[in-house]
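Given next are the chains, with one letter for each unit.
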Amino acid sequence: MSSTENPPQLSGDHYKTLYTSLSLFQALYLPEDGIEDVPVGDELLEWLNTHYIEPSSEEGDQLSALDRPWEDELFWPYVQRATLRGLMKSAVFFLRSLVNHPSDNLQRISQKLIDLLEKHPRQKHFSTEKEFFTTSRRWKDRVKVLRIELDRVPEDDRSDDYENWWDNISDLLGILEGRSDVFQRVCSILGGGWKEIVCAYGIWVDVGLRRADLPYVRNACLMPCELTSRQGCSRKNNGERAA
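This structure is a prediction, so every number in the text was calculated from the model and none was measured. Residue numbering note: each chain is counted from 1, following its sequence as written. Under the rules for a predicted model, residues below a pLDDT of 70 receive no local features and side-chain atom pairs below 80 are neither given nor counted, while totals for whole chains, interfaces and linings still include all residues. With hydrogens and water set aside, each side-chain value is computed from the structure's full complement of heavy atoms.

### Side note on the overall build of the protein chain
For the protein chain, the helix and strand inventory stands at 12 helices and zero strands. In sequence order, the secondary structure elements of the protein chain are arranged as α-α-α-α-α-α-α-α-α-α-α-α. Classification of the 243 residues of the protein chain by burial places 47% in the buried group. Two residues form a contact once any of their heavy atoms are found within 4.5 Å. In the protein chain, the share of contacts with a sequence separation of at least 24, taken over all contacts with a separation of at least 6, comes to 64%. Working definition of accessibility: Shrake-Rupley area with a 1.4 Å probe, residue cover restricted to the visible protein chains. As presented, the protein chain carries roughly 13400 Å² of accessible surface, and 52% of it is formed by carbon and sulfur atoms. Only DSSP runs of H or I with at least four residues qualify as helices, and only runs of E with at least two residues qualify as strands; both kinds are numbered from the N terminus onward. Only protein chains enter the accessibility calculation, which uses a 1.4 Å probe; a residue is then buried when its area is under 20% of its type maximum, exposed when over 50%, and partly exposed in between.

### Digging into a nonpolar patch on the surface
Taken together, the side chains of Phe 25, Tyr 29 and Leu 30 define a hydrophobic patch exposed on the protein surface, amounting to about 370 Å² of accessible area. Here Leu 30 is to be found in the loop between helix H1 (12–29) and helix H2 (41–51). We classify Leu 30 as exposed; its relative accessible area is 54%. Patch definition: residues above 30% relative accessible area lacking any salt bridge, with like charges linked at up to 9 Å and the nonpolar side chains Val, Leu, Ile, Met, Phe, Trp and Tyr linked at up to 5 Å. Take a side-chain nitrogen of Lys or Arg and a carboxyl oxygen of Asp or Glu: if they are within 4 Å of each other, that pair is a salt bridge.

### Looking at unusual backbone geometry
Between Glu 54 and Pro 55 the backbone carries a cis peptide bond, its omega angle lying at -10°. Take Pro 55: it is sitting in the loop between H2 and helix H3 (57–64).

### Thoughts on the nonpolar core
If you look at soluble globular proteins, the nonpolar side chains tend to sit buried side by side. Counting residues in hydrophobic clusters, the biggest one holds 54 residues, and the most contacted among them are Leu 113, Ile 169, Leu 176, Phe 183 and Trp 204. Those residues within four positions of Ile 169 in sequence are excluded, and the remaining contacts are Trp 76, Leu 106, Ile 109, Leu 113 and Leu 150. Put simply, a nonpolar core is a bunch of buried Ala, Val, Leu, Ile, Met, Phe, Trp, Tyr and Cys residues held in one set by side-chain atoms that sit within 4.5 Å of each other.

### Points about the pattern of salt bridges
Applying the stated criterion to the full structure yields 18 salt bridges. Between Arg 210 and Glu 129 there is a salt bridge, and its shortest N-O distance comes to 2.9 Å. One end of the pair, Arg 210, is in the loop between helix H10 (194–204) and helix H11 (214–220); the other, Glu 129, is in helix H7 (residues 129–151), with 81 residues separating them in the sequence. By relative accessible area, which is 13% here, Arg 210 ends up buried. Between Glu 177 and Arg 179 there is a salt bridge, with its nearest N and O atoms 4.0 Å apart. One connected set of salt bridges, linked through shared partners, spans Glu 54, Arg 81, Arg 85 and Glu 196.

### Brief notes about helix H5 (residues 88–95)
Residues three or four positions apart in an α-helix share a direction because the helix packs 3.6 residues into each turn. Of the positions making up H5, those classed as buried are Met 88, Ala 91, Val 92, Phe 94 and Leu 95. Buried positions in H5, seen along its axis, are confined to an arc of 165° and lie on one side of it. What points out from H5, more than 90 degrees from its buried face, is the exposed set Lys 89 and Phe 93. Looking at the buried positions of H5, the neighbouring elements they touch are H3, helix H4 (75–84), helix H6 (104–118) and H10. As used here, the arc belongs to the directions running from the helix axis to the C-beta atoms.

### Describing helix H9 (residues 180–189)
Ser 180, Val 182, Phe 183, Gln 184, Val 186 and Cys 187 are the residues of H9 that are buried. Phi for Gly 191, located one or two positions after H9, is positive at around 90°.

### Quick word on the side chain of Asp 171
Here Asp 171 lies in helix H8 (residues 165–177). Its relative accessible area of 15% is what places Asp 171 among the buried residues. Any pair of N or O atoms that falls within 3.5 Å is considered a polar contact. Within protein, one atom must be able to donate a hydrogen and the other to accept it, and sequence-neighbouring residues count only if both atoms are side-chain atoms. Separated by 2.7 Å, the side chains of Asp 171 and Arg 185 make a polar contact. When near neighbours in sequence (up to four residues on either side) are disregarded, Asp 171 contacts Gln 80, Val 182, Arg 185 and Val 186.

### Brief notes about the packing of H7 against H8
Between two packed helices, the angle of one axis relative to the other and the distance separating the axes together describe the packing. To obtain an axis, a line is fitted to C-alpha atoms, over the contacting stretch when the element is a helix, and the angle between two such axes runs from 0 to 180 degrees between their N-to-C directions. Where H7 meets H8, the closest approach of the two axes is 10 Å, and the angle between their N-to-C directions is 160°. Regarding the angle of H7 to H8, the classification is roughly antiparallel. As H7 packs across H8, the resulting crossing turns out to be left-handed. Each of Trp 139, Lys 140, Val 143, Leu 146, Arg 147, Leu 150 and Asp 151 in H7 lies in contact with H8, whose residues at this interface are Trp 165, Trp 166, Ile 169, Ser 170, Leu 173, Gly 174, Leu 176 and Glu 177. Orientation labels follow simple angle bins: below 35 degrees gives roughly parallel, above 145 gives roughly antiparallel, 65 to 115 gives roughly perpendicular, and whatever is left gives oblique. Rotating anticlockwise by less than a right angle from the far helix to the near helix defines a left-handed crossing, while the corresponding clockwise rotation defines a right-handed one.

### As for the packing of H6 against H8
Their axes nearest at 12 Å, the elements H6 and H8 cross at an angle of 20°. Here H6 lies roughly parallel to H8, going by the angle between them. In the crossing of H6 with H8, the sense of the turn from one axis to the other is left-handed. Between H6 and H8, the contacting residues are Asn 105, Leu 106, Ile 109, Leu 113, Leu 116 and Leu 117 on the first element and Trp 165, Ile 169, Leu 172, Leu 173 and Leu 176 on the second. Of the residues assigned to the contact of H6 with H8, the class counts are 10 nonpolar, one polar and no charged. Throughout, the ten residues Ala, Val, Leu, Ile, Met, Phe, Trp, Tyr, Cys and Pro are labelled nonpolar, Asp, Glu, Lys and Arg are labelled charged, and all others, Gly among them, are labelled polar.

Written as structure tokens, this is what we have:
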């Protein structure tokens, strides 16, 4: 190329992709001082929510305009995705509408689910890992209690005229319980690829996820059986990361 030739003109998408990639590189390999060996879930989720925005504001606006948003086909996917992404205010906002749902069981369970989401522990809010892991275990004990209550709902009250609300709540609880199979299935149904699975994995499935674990989690997106094995190994090596 001669000095008189103009440099190639690249599209805006090219620079956006470049910036997204560099941001991820910085989060993984150039972390701030003092956080090199702490759980990486919060940083990955922040990167995901910054560069791959879901659910959309248009979906939220559409649901917000409805008196009974649970009747819309977007309702449960929106709530589930907002939960996966750690967007608790958005998830809770729409779950509160279920106070007007005809099922007393759903009204009661949704209010307890709201309380769980609002009190979901995140590592960035704790000064020590030990405190974070202890609080996370106690929080998951409360999730187990709600699971028992959900399982006691009679079969004839698990659906309304629009959806099987019980299945949707069960999937939400499966995510909160950290069940890898439910987590990956819901991500896939919602159209989330491996980026969403990997970036939210450290929030829900393995809250002690380290940077060194990411290659195994990435591979396990294609080979789920390896994920279970690696998770068990990782927990053993780290003494449950809470000792």
